[in-house]
Amino acid sequence: MTEISYPGTVAEPKNVSVAEPMLLKAVRGEDVERPPVWLMRQAGRYMKAGLYFEFLESANLFYQIICEKYPSFRERSENVDLVVEISLQPWHVFKPDGVILFSDILTPLSGMNIPFDIIKGKGPVIFDPINTDAEVDQVREFDPEESVPYVGKALTILREEVNNEAAVLGFVGAPFTLASYVVEGGSSKHFSKIKRLAFSQPKVLHALLRKFTTSMAKYVQYQADNGAQAVQIFDSWATELSPVDFEEFSLPYLKQIVDTVKQTHPDLSLILYASGSGGLLERLALTGVDVVSLDWTVDMAEGRRRLGPDVAVQGNVDPGALFGSKDFITNRINDTVRKAGRWKHILNLGHGIKVGTPEENVAHFFEVAKAIRY
């Protein structure tokens, strides 16, 4: 049995009847017996059949088998039955405290008149990148009920299946990150096109950002209306901005989403994640989200100090640690929990699980995490 000096020691988990998911209680700062835990990309490419046959003998669909049968990511993520099956795979095996919808931040684009695809080995491809006023005018505001009804149906089923034993999480892309994809034409290393637009034609970019802001606020509300108990906003590329540019091209739009959603769904927990965000932590808190998710490049104790006591934190074990020994993983978990303290912390990785991560190490992560006691 592994012990940590503070905030607690590892102990055997107890069967406790929970009226409300532990994750939501932790976000509000209520007393919980341990930090709730889930992992970004907990349903995904690292999963093979082995652990499922061990833990869930009746399972006949595994992610890698699904990929062979349905090679298109969009086909997998836009089919209600597949979305539910893939989202629930880690729940059946690991029982995380959060079950996140299997989807993609680009899912709304087709409904906004922005054709795209996600191509194996290449990633997202935007067929008609946006760079002009006229092209922005062609972007429609998003109507999730009309464009992605499968998302609402999947969330409703997930909520019924999980039955408050864990929180059901939805997610959306942040305006600047979505704009980066559609201006660059896909993923980028240098972000030269979005920065050229920002610094030479800011009015065009702001017009695009406004459309994404209104649309993503609606999308968050739609997910909440259909069963999501928390929603994570991914601003993956905002950290490519300098602090002063973040304050112009990302912060006000994030804040507008939060303000709009809180008017209609004041109790919905909102989480903000931006990889490489060490230089922007204080500004992330200004968005008004309930939780700031830290990546692994920020020391958890330092992140706590910088964010202050009113903001919950999520994270932030290096996903690469899951390639280490079980003792190494245990030590990293305990170090993170100790530094986070027993107040408003969701244990997670600092980024998504990497392809090739040993399944047994993911299982070990959950076993250690769920045995911790404050």
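Residues numbered from 1 in each chain as written. Predicted model: local features only at pLDDT ≥ 70, side-chain atom pairs only at ≥ 80, totals over all residues. Heavy atoms only, no water.

Caption draft 1: Representation of the packing of aromatic side chains. One pass over the structure, following the stated rule, counts nine aromatic pairs. Relative to tryptophan 237, the ring of phenylalanine 191 lies with its centre 5.1 Å away and its plane at 50°, an arrangement referred to as tilted. Residue phenylalanine 191 is located in the loop between α9 (175–184) and α10 (192–200), and its partner tryptophan 237 is located in the loop between β6 (230–234) and α12 (243–249); the two are separated by 46 residues in the primary sequence. Among the aromatic residues, those joined into a cluster by ring pairs are Phe94, Phe365 and Phe366. Note that arginine 74 overlies the ring of phenylalanine 116, its terminal NZ or CZ placed 4.4 Å from the centroid. Just above the ring of tryptophan 91 sits the side chain of lysine 95; from NZ or CZ to the centre is 4.7 Å. (Phe/Tyr/Trp six-rings, centres within 6.5 Å; stacked < 30°, edge-to-face > 60°. Helix = DSSP H or I, 4+ residues; strand = E, 2+ residues; numbered from the N terminus. Lys NZ or Arg CZ within 6 Å of the ring centre and 35° of its normal.)

Caption draft 2: Representation of the packing of helix α16 (residues 326–340) against helix α17 (residues 359–371) in the model. Following both chains from N to C, one finds α16 and α17 inclined at 40°, their axes separated by 10 Å at the closest point. For the element pair α16 / α17, the angle class is oblique. Note that α16 runs across α17; the crossing there is right-handed. Every residue of α17 that contacts α16 at Lys326, Ile329, Thr330, Ile333 and Asn334 is listed here: Glu360, Asn361, His364, Phe365 and Val368. For the contact of α16 with α17, the class distribution of residues is four nonpolar, four polar and two charged. (Axes fitted to C-alpha atoms, helices over the stretch in contact; angles between N-to-C directions. Parallel < 35°, antiparallel > 145°, perpendicular 65-115°, else oblique. Left-handed = near helix turned anticlockwise from the far one by under 90°. Contact = heavy atoms within 4.5 Å. Nonpolar A, V, L, I, M, F, W, Y, C, P; charged D, E, K, R; others polar.)

Caption draft 3: The sheet that holds strand β7 (residues 269–273), seen in detail. Across the sheet, which stays open at both edges, the seven strands sit in the order β2-β5-β6-β7-β8-β9-β10 with parallel pairing between neighbours. Only two strands of the sheet have a single partner each, and these edge strands are β2 (98–100) and β10 (345–349). Sheet twist, expressed as the average angle between the axes of neighbouring strands with direction ignored, equals 25°. Across the sheet, α16 lies against β9 (312–317) and β10, angled at about 150° from β10, the strand it touches most. (Pairing = 2+ DSSP bridges.)

Caption draft 4: View of the packing of helix α5 (residues 80–94) against helix α8 (residues 149–162). It is the contact of α5 with α8, at a shortest axis distance of 9 Å, that shows an interaxial angle of 35°. The handedness of the crossing between α5 and α8 comes out as right-handed. Seen from α5, the contacting residues are Val80, Val83, Val84, Ser87, Leu88 and Trp91; seen from α8, they are Tyr150, Lys153, Ala154, Ile157, Leu158, Glu161 and Val162. The class makeup of the residues in the contact of α5 with α8 is 10 nonpolar, one polar and two charged.

Caption draft 5: A look at the pairing of β7. Most of β7 is tucked away: five of the five residues are buried. Burial of β7 is two-sided: the residues Ser269, Ile271 and Tyr273 facing one way and the residues Leu270 and Leu272 facing the other way are all buried. As defined by bridge partners, β6 adjoins β7 across five bridges and the pair is classed as parallel. When the sheet's bridge partners are listed, isoleucine 233 is paired in β7 with leucine 272. When β7 meets strand β8 (residues 291–293), the two strands line up parallel, connected through three bridges. From the neighbouring strand, isoleucine 271 faces β8, where its bridge partner is valine 291. (Buried < 20%, exposed > 50% of the residue type's maximum accessible area, 1.4 Å probe, protein only.)

Caption draft 6: Geometry of α5. If you check α5, its first and last C-alpha atoms are 22 Å apart, about what 15 residues at 1.5 Å a residue would give, namely 21 Å. The sharpest bend along α5 measures roughly 30° and falls at leucine 88, with the proline proline 90 sitting one to four residues further on. The element α5 is largely enclosed, with a buried count of 12 among its 15 residues. Where α5 is concerned, the buried positions are Val80, Leu82, Val83, Val84, Ile86, Ser87, Leu88, Gln89, Pro90, Trp91, Val93 and Phe94. (Expected span 1.5 Å × (residues − 1). Bend = angle between axes of the 7 residues up to and from the residue.)

Caption draft 7: Broad picture of helix α15 (residues 300–307). What α15 keeps buried is the set Met300, Ala301, Gly303, Arg304 and Leu307. Buried residues of α15, viewed axially, fall in a sector of 160°; they line one side. Structurally, α15 contributes buried residues whose contacts are with α14 (281–285), β8, β9, α16 and β10. Taking the backbone nitrogen of alanine 301 as reference, a side-chain oxygen 3.1 Å away marks aspartate 299 as the first, capping residue of α15. In the stretch just after α15, glycine 308 is the one whose phi turns positive, near 85°. (Arc of directions from axis to C-beta. Polar contact = N/O pair within 3.5 Å; in protein donor to acceptor, adjacent residues only side chain to side chain.)

Caption draft 8: Summary view of the environment of aspartate 327. The residue aspartate 327 is located in helix α16 in this model. By relative accessible area, which is 59% here, aspartate 327 ends up exposed. It is 9.7 Å that separates the C-alpha atoms of aspartate 327 and histidine 364, two residues lying 37 residues apart in sequence.

Caption draft 9: Representation of the nonpolar core. Of all hydrophobic cores here, the largest spans 101 residues; its most connected members are Ile114, Val182, Leu208 and Phe212. It is helix α11 (residues 202–225) that contributes the most residues to this core, 11 residues altogether. Not counting the four nearest positions on each side in its chain, valine 182 is found in contact with Leu109, Ile114, Ile126, Pro129, Ile130, Leu208 and Phe212. One finds Ile333, Ala363, Phe365 and Tyr374 within the second-largest nonpolar core, a separate group that totals 24 residues. (Core = buried A, V, L, I, M, F, W, Y, C linked by side-chain atoms within 4.5 Å.)

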